[in-house]
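Now for the letters of each chain:
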Amino acid sequence: MLTVVPHLSTRWTGDDRGQFLRVAPGTVLPSPLSADLLRRSDELYAAVRVTDDEILLLTDHLRSWPLFYAVHGGAVHVGEDAFSVADALGGRTLEAGAAAEFLHTGYVLGDRSLLRGVRQVPAGTTVRIDRGTGEITRRLERRLRLREPEFEDVPSFTRAFTEALDTAMSRLYERADGRVIALPLSAGLDSRLLAALLARDGYPHVQTFTYGLPDNAEAQASARIAASLGLPWRQVAHTPEQLRRAWAEPSTAAFLREASGGAALPHVQDWFAMQSLTADGTLPPGSIVIPGHTVVSTAKDEPLRHGREVEPAAVVRSLEPWHFSLRSRPARAVRLPSVIHELQDFFTEVSLSGDRRDTMDAVRWFWQRERQSKYILNSMRGYEHVGLEWALPMHELPVWEVYEAAPDAAIASREWYRALTEEIYASVSGEPAPTRTPRSTERSLARRTAATVAKCTGLPQLRSRVRTVRAVVDHPLGFDALITGASRREVALRTARGMTPLGEFAELFLADEWVPGSDLFSSRRS
């Protein structure tokens, strides 16, 4: 009979049967706890459950905590990163197919990892391993799914959405219980909405912050927003030289390991800020960070809405620029054998009937299934690395459930969300909401024809490439400084040829050249 061999940190609780559980600190669950009870709860979790016949590996709807595994030598090895599991198997070997797609995406699709023989449990999934035969089966239990609308109009949906969000914020305040709630504040909608709710509700210990080069435009806008809401604000300013020195510290290698897990590119955007704010005591241990991640989609399916029928190939073309473009060669990326296999698996999870809602559902689920759960939300590992907690009120299941039943008019674009955010912000800050004409979610035939003609000339692509180069070398966050070993001129030239900063990071990461001495992908044998 197979047994469980854990390679887990003390953040997990376990028992002598080989059962392990990770939940948010302070979460209370019923006992005895079963897989069914976990699935029916609204809590975040990752779990290993054992019965007489099988071993179950479970993740919640967000993949809040990664879980990796391999069946080897009469045991199921489980770990919170692929590196520890690979070490237990005898050594780390980079899986060529996964590495090839990683260079275009920044994460590994499906249930694979970057290391040969090690798999991960995708979001909302149960992996079942037969204890007698070792047979592995996988079942998707909870995905983001746009079902039939349950609201008659946008106002009734808005009321339900704000009620669910208010409940999520109340749960956050109860959990925080006087501890600092920290909000990375930008000029965007998501963090501005959270800032307005924190100010409206009067939670007493809030710290907003922004990071980047001194006096950048984003910081100036964030300072104005925080001041208008009466919230404390701080800028964590850095120079490229400071970033490089901090990045070269030996301790950064440990951050890379934890922030990646062996399946995704480490999310480095607020890495320097988190180190600074915890080191100087602004954010004491146990402070709760609430980044503005949300179930509200950015509606990347607009190009699909003009065709009479939506085929898988059209959906893939719509996904390409958002998920496969780190090297500006998305059409090449989606032809990689491993990517083709994973896309085929994805299309078994969605329906493409040609209905507009089915199309929106497919695009949003791929976004959540891959980039959101594996890269964006995996940024939480950086908070945990410095002793902080985190919460995602705009991703709680009750908020998901309202959003899934939204009328098409509310979620076909972000205009509904923009209006909601501006209304709440104006009511709290006392500043009038900006007046704007809602953007059209459709393009006329004339506009589409003009865009096609212009594209054939190559001028729009050239202008776009020039803007991209400028944006990279003069970025307000200055993270081009972390492209190790490259001069500003070299970065500009590579960007002009189609490389992106994340593409540069992916290359350096796999080559163990991003941080001196990281040595993550060298084969190790015990």
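Since this is a predicted model, take the numbers as computed values, not measurements.

Caption draft 1: Inspection of the overall build of the protein chain at higher detail. In terms of regular secondary structure, the protein chain is built from 21 helices and 15 strands. Partitioning the contacts of the protein chain with sequence separation of at least 6, the portion at a separation of at least 24 is 71%. A total of about 22600 Å² of accessible surface is found on the protein chain, and carbon and sulfur atoms cover 52% of it.

Caption draft 2: Quick peek at the pattern of salt bridges. A complete count under the given rule lists 35 salt bridges for this structure. The residue Arg200 makes a salt bridge to Asp166 at a minimum N-O spacing of 2.9 Å. With Arg200 in helix H5 (residues 189–201) and Asp166 in helix H4 (residues 154–176), this pair connects stretches of sequence that are 34 residues apart. Residue classification places Arg200 among the partly exposed positions, given a relative accessible area of 39%. Judged by relative accessible area, Asp166 falls into the partly exposed class, the value being 28%. Here the salt bridges share partners, and the residues they tie into one network are Asp111, Arg119, Arg138, Asp345, Glu349, Arg369, Glu370 and Lys374.

Caption draft 3: Spotlight on the environment of Phe347. Checked against the element boundaries, Phe347 lands in helix H12 (residues 337–347). Non-local contacts of Phe347, meaning those with residues more than four positions away in its chain, are made with Pro312, Val315, Val316 and Leu352.

Caption draft 4: Representation of the packing of H4 against helix H15 (residues 397–404) within the structure. Closest axis-to-axis distance for the H4/H15 pair is 8 Å, and the angle between their directions is 170°. Relative to H15, the element H4 lies roughly antiparallel. Where H4 approaches H15, its residues Phe157, Ala160, Phe161, Ala164, Leu165 and Ala168 are matched on the opposing element by Pro398, Val399, Val402 and Tyr403. The class makeup of the residues in the contact of H4 with H15 is 10 nonpolar, no polar and no charged.

Caption draft 5: Structural view of the nonpolar core. Of all hydrophobic cores here, the largest spans 150 residues; its most connected members are Leu57, Phe161, Phe509 and Trp514. Ranked by residues supplied to this core, first place goes to H4 with 10 residues. Counting 10 residues, the second largest nonpolar core, distinct from the first, contains Ala35, Leu38, Ala47 and Leu56.

Caption draft 6: Structural view of the sheet that holds strand E4 (residues 45–50). In space, the 6 strands of this open sheet follow the order E2-E3-E4-E5-E9-E10, with antiparallel pairing throughout. Since the sheet does not close on itself, it has two edges, and those belong to strand E2 (13–14) and strand E10 (136–140), each with one partner.

Caption draft 7: Representation of the sheet that holds strand E11 (residues 181–184). Pairing within the open sheet is parallel, and its 5 strands lie in the order E13-E12-E11-E14-E15. Of all strands in the sheet, those with a lone pairing partner are strand E13 (233–237) and strand E15 (389–390), marking the two edges. Against the sheet, helix H9 (residues 271–279) makes contact with strand E12 (206–212), E13 and strand E14 (288–289), and its axis sits at roughly 115° relative to E13, the strand it touches most.

Caption draft 8: Quick look at the packing of aromatic side chains. For the structure on display, the rule yields 21 aromatic pairs. In this structure an aromatic cluster arises from ring pairing among Phe83, Phe102, Trp247, Phe255, Trp271, Phe272, Phe505, Phe509, Trp514 and Phe521. The side chain of Arg192 reaches across the aromatic face of Tyr425, ending 5.1 Å from its centre.

Caption draft 9: Expanded view of unusual backbone geometry. At the junction of Ser31 and Pro32, the peptide bond is cis and its omega measures out at 0° in the coordinates. Residue position: Pro32 is located in the loop between strand E3 (20–23) and helix H1 (35–40). One non-glycine residue, Asp177, lies in the positive phi region at around 50°. Within the fold, Asp177 resides in the loop between H4 and E11. We classify Asp177 as exposed; its relative accessible area is 66%. Even without being a glycine, Ser328 presents a positive backbone phi close to 60°. Within the secondary structure layout, Ser328 lies in the loop between helix H10 (312–323) and helix H11 (330–333).

Caption draft 10: Representation of the confidence of the model for the protein chain. Averaged over the protein chain, the pLDDT score is 90; the fraction of residues at 70 or greater is 90%. Across residues 435–448 the pLDDT falls below 50, and counting only partners more than four positions away or on other chains, this stretch makes 21 contacts in the model.

Caption draft 11: Representation of helix H6 (residues 217–229) in the model. Relative to the 18 Å expected for 13 residues at 1.5 Å per residue, H6 spans 19 Å between its end C-alpha atoms, a close match to the ideal helical length. Among the residues making up H6, those that are buried are Ala219, Ala221, Ser222, Ile225, Ala226, Ser228 and Leu229. At its buried positions, H6 is contacted by H5, E12, E13 and helix H17 (415–429). At the N-terminal boundary of H6, the capping side chain belongs to Asn216, with an oxygen 3.0 Å from the backbone nitrogen of Glu218. Gly230 lies just past H6 and shows a positive phi near 70°.

How each quantity is defined
Residues numbered from 1 in each chain as written. Predicted model: local features only at pLDDT ≥ 70, side-chain atom pairs only at ≥ 80, totals over all residues. Heavy atoms only, no water. Helix = DSSP H or I, 4+ residues; strand = E, 2+ residues; numbered from the N terminus. Contact = heavy atoms within 4.5 Å. Areas by Shrake-Rupley, 256 points an atom, 1.4 Å probe, with all protein chains shown as cover. Salt bridge = Lys/Arg side-chain N within 4 Å of Asp/Glu carboxyl O. Buried < 20%, exposed > 50% of the residue type's maximum accessible area, 1.4 Å probe, protein only. Axes fitted to C-alpha atoms, helices over the stretch in contact; angles between N-to-C directions. Parallel < 35°, antiparallel > 145°, perpendicular 65-115°, else oblique. Nonpolar A, V, L, I, M, F, W, Y, C, P; charged D, E, K, R; others polar. Core = buried A, V, L, I, M, F, W, Y, C linked by side-chain atoms within 4.5 Å. Pairing = 2+ DSSP bridges. Phe/Tyr/Trp six-rings, centres within 6.5 Å; stacked < 30°, edge-to-face > 60°. Lys NZ or Arg CZ within 6 Å of the ring centre and 35° of its normal. pLDDT = per-residue confidence, 0-100. Expected span 1.5 Å × (residues − 1). Polar contact = N/O pair within 3.5 Å; in protein donor to acceptor, adjacent residues only side chain to side chain.

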